[in-house]
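Each chain, letter by letter, is given below.
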Amino acid sequence: MIKTDELISEAVSLPVEIRTKLIEKLLQSLNPLQQDIDELWAQEAEKRAADIKTGRIKTVPGEEVFNKIRDRLHT
């Protein structure tokens with residue numbers, strides 16, 4: 001089995017493109033659930049955009065939303 005120092009030395013000597021891919025893979029392996037969450041949010045965003053585009057749901061202007069929030073807080 002390769003020693004940690006040897007592995008790090010080999011990794012550092014790789015071309016930048018390969019090191020970048022290696023870093024991405026290592027980060028994904030540390031936090032695979034975040035990737036799943038990101039994918040679910042991306043799907044939800046696409047669904048919401050499609051709903052707006054097709055008229056299935058109506059948008060509310062931000063100013064109206066903030067006015068309602070202010071009214072609720074002052075009540």
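Reference entry: report on the structure contained in this document. Keep in mind the model is a prediction, meaning the values are calculated, not measured.

1. Things to note about the environment of Ala-42
Tracing the chain through its elements places Ala-42 in helix H3 (residues 32-54). Note: C-alpha distance between Ala-42 and Glu-6 (36 residues apart in sequence) is 39 Å.

2. Some details on the pattern of salt bridges
Tallied over the entire structure, the rule returns 4 salt bridges. A salt bridge links Asp-51 to Lys-47; its shortest N-O distance comes to 3.2 Å. Of the two residues, Asp-51 and Lys-47 both sit in helix H3, 4 residues apart, roughly one turn of that helix. Overall, Asp-51 belongs to the buried group, its relative accessible area being 10%. One salt-bridge network, in which partners are shared between bridges, spans Lys-47, Asp-51 and Arg-56.

Parameters at a glance
Residues numbered from 1 in each chain as written. Predicted model: local features only at pLDDT ≥ 70, side-chain atom pairs only at ≥ 80, totals over all residues. Heavy atoms only, no water. Helix = DSSP H or I, 4+ residues; strand = E, 2+ residues; numbered from the N terminus. Salt bridge = Lys/Arg side-chain N within 4 Å of Asp/Glu carboxyl O. Buried < 20%, exposed > 50% of the residue type's maximum accessible area, 1.4 Å probe, protein only.

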